[in-house]
Amino acid sequence: MINATPVDIDYDAFRSEVDEFARERCPPALRERVRSNAKLGREDYAAWQRILNARGWAAPGWPKAFGGTGWDMRQRYLFESVMAARDCPPQYHHGLGHIGPVMLHFGTPEQQRRFLPGILDGSDWWCQGYSEPGAGSDLASLKTRAVRDGDHYVVSGQKIWTSHAHEADWMYTLVRTSQEGRKQEGITLLLIPLALPGIRVLPIRTIDGWHHLNEVFLDEVRVPADNRLGEEGQGWRCAKFLLDRERLAPAIVVRLERLLQRVAAQVAAVDAGQPAPDAAQAERLLLAEAEVRAARELLLSAIDDELRGVLRAAKSSALKLHCSELAQRIIGIAFDALGPRRAARFMPIDLEGRPRVAEDEESNMIHNYLFYRSRTIAGGTSEVQKNVIARELFGA
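Residues numbered from 1 in each chain as written. Predicted model: local features only at pLDDT ≥ 70, side-chain atom pairs only at ≥ 80, totals over all residues. Heavy atoms only, no water.

Core analysis: the biggest nonpolar cluster contains 30 residues, and Leu-256, Leu-259, Val-263 and Ile-330 have the highest contact counts within it. Secondary-structure elements contributing two or more residues to this core are α4 (73-85), α8 (250-272), α9 (279-307), α10 (313-345) and α11 (361-371). With residues up to four places along the chain from it excluded, the contact list for Leu-256 reads Cys-323, Leu-326, Ala-327 and Ile-330. Residues Ala-58, Trp-170, Ile-187 and Leu-242 belong to the second largest nonpolar core, which totals 29 residues. (Core = buried A, V, L, I, M, F, W, Y, C linked by side-chain atoms within 4.5 Å. Buried < 20%, exposed > 50% of the residue type's maximum accessible area, 1.4 Å probe, protein only. Helix = DSSP H or I, 4+ residues; strand = E, 2+ residues; numbered from the N terminus. Contact = heavy atoms within 4.5 Å.)

Our focus in this paragraph is the packing of aromatic side chains. Under the defined criterion, the tally for this structure stands at 18 aromatic pairs. Seen in terms of ring centroids, Trp-126 and Trp-170 are 5.4 Å apart; in terms of plane orientation they differ by 25 degrees. Their pairing is stacked. Within this pair, whereas Trp-126 is found in strand β1 (residues 126-129), its partner Trp-170 is found in strand β4 (residues 170-176), the two being separated by 44 residues in sequence. Under the relative-accessibility criterion, Trp-126 is labelled buried at 0%. (Phe/Tyr/Trp six-rings, centres within 6.5 Å; stacked < 30°, edge-to-face > 60°.)

With that settled, consider the packing of α4 against α9. When two helices pack together, you describe them by how their axes are tilted relative to each other and by the distance separating the axes. Running from N to C, α4 and α9 cross one another at 150 degrees; their axes reach a closest spacing of 9 Å. Across from Met-73, Arg-74 and Tyr-77 in α4, the residues of α9 making contact are Arg-296, Leu-299, Leu-300, Ile-303, Asp-304, Glu-306 and Leu-307. Partitioned by chemical class, the residues of the contact of α4 with α9 number six nonpolar, no polar and four charged. (Axes fitted to C-alpha atoms, helices over the stretch in contact; angles between N-to-C directions. Nonpolar A, V, L, I, M, F, W, Y, C, P; charged D, E, K, R; others polar.)

The next thing to look at is the confidence of the model for the protein chain. The share of residues in the protein chain with pLDDT of 70 or more is 90%, and the mean pLDDT across the chain is 88. Here residues 1-6 scores under 50 on pLDDT; set against residues more than four positions off or in separate chains, the count is 13 contacts. (pLDDT = per-residue confidence, 0-100.)

Let us look at unusual backbone geometry. For Asp-87, which is not a glycine, the phi torsion comes out positive at approximately 60 degrees. With respect to the secondary-structure elements, Asp-87 resides in the loop between α4 and α5 (93-106). A positive phi is found at Trp-161, a non-glycine position, where the angle reads about 60 degrees. Positionally, Trp-161 belongs in the loop between β3 (152-159) and β4.

By secondary structure assignment, the location of Ala-313 is in helix α10. With a relative accessible area of 33%, Ala-313 lands in the partly exposed category. For the pair Ala-313 and Leu-202, spaced 111 residues apart in sequence, the C-alpha to C-alpha distance is 35 Å.

Going through the model one piece at a time under the given rule, you end up with 19 salt bridges. A salt bridge links Glu-17 to Arg-55; the nearest nitrogen and oxygen atoms lie 2.8 Å apart. Of the two residues, Glu-17 is situated in helix α1 (residues 11-25) and Arg-55 in helix α3 (residues 42-55); the sequence distance between them amounts to 38 residues. Looking at Arg-55, the relative accessible area reads 26%, which means it is partly exposed. Because the salt bridges share partners, they merge into one network encompassing Asp-19, Arg-23 and Arg-86. (Salt bridge = Lys/Arg side-chain N within 4 Å of Asp/Glu carboxyl O.)

Inspection of the secondary structure puts Thr-381 in the loop between α11 and α12 (382-394). The residues touching Thr-381, leaving out its near neighbours within four places in the chain, are Ser-137 and Thr-376.

Summarising the element assignment, Ile-333 is placed in helix α10. Residue Ile-333 is classed as buried on the basis of its relative accessible area, which comes to 2%. Once the C-alpha coordinates of Ile-333 and Gln-75 are considered, the two residues, 258 residues apart in sequence, prove to be 31 Å apart. With near-sequence residues (within four places) excluded, Ile-333 lies in contact with Val-263, Val-267, Gln-281, Arg-284, Leu-285 and Ala-288.

What follows covers the side chain of His-98. Following the sequence through the fold, His-98 ends up in helix α5. Classification of His-98 as buried rests on a relative accessible area of 5%. At a separation of 3.4 Å, a polar atom in the side chain of His-98 contacts the side chain of His-94. (Polar contact = N/O pair within 3.5 Å; in protein donor to acceptor, adjacent residues only side chain to side chain.)

Here it is in structure tokens:
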């Protein structure tokens, strides 16, 4: 691996090193699942994570002292770009991109020793227990209660839209420990094993036919106080720390670039059977390409700002907003190219309401079209991103 100070890094050599690794080490069957837009599950992500961990590349965004690569943002961008181009899977974000960095910043040394190795090698799987009925965009209104009882917190409440809870071992969970003061001041972050008594995970069926969302019910669940991350009442600080970093992820843009390439190939295949190419589709692809290039420039600008320590939240939110809406437009081109007859034949559920998931590329594309409807909601709605941008530009 290349080890150098930022001014000495040979980025071309670094890219070549990553490309060689991706070509030689990513299993062909896994690469084909990515290429065909199949839904990846824990087994897929964990298999690739083990390979990256063995190479010392388990955590591109973490410092070396905690098992990361110590790469700067340019290296991370090149890494993600090569992995997307080679159809290698993205890394599962809840551990590496979300709760891991929060542990690095707020966790005790004992918590870091306890939890970080399982994230790095893919043996521990995490999900996010933030949203609740009535507390989504207004997250500070959450009502899940945690009462201190000796060496434990007793937790009761409900979480919703909990991605991959059915596959997870742990849930990093915002709970209310106080009603005093501003509502943000009474929130605490707990790390809750999902195998504890009193926890039920129920699926939420969505229009795409894929199982990724869940409700999590907590009924008098006893959670060791040692599983509190940060100080009691400081969970809001942890949550904001996570969200600010979630929105500047190099993988967002490079995966969009690869998606556009796949969609363009699919449109070309459809046009090949037509007397004349669809000019309207060609124009939409050209406009999407321009928007992807704009997203890349915005990302590179944000990376430079991050390296200089001047990155503003508005730029990260603008990137998230643009990429979420652009992803929907790109996948919409593929959906339209398939045509109403083929699209109408696709049913994500059978007549009994059971998921019916096909593993061919066309069906996967329609699954993704339906799944991408959530892109402007998940990770902070477009309205929330616009508010962040407006507050920073105009004050509040």
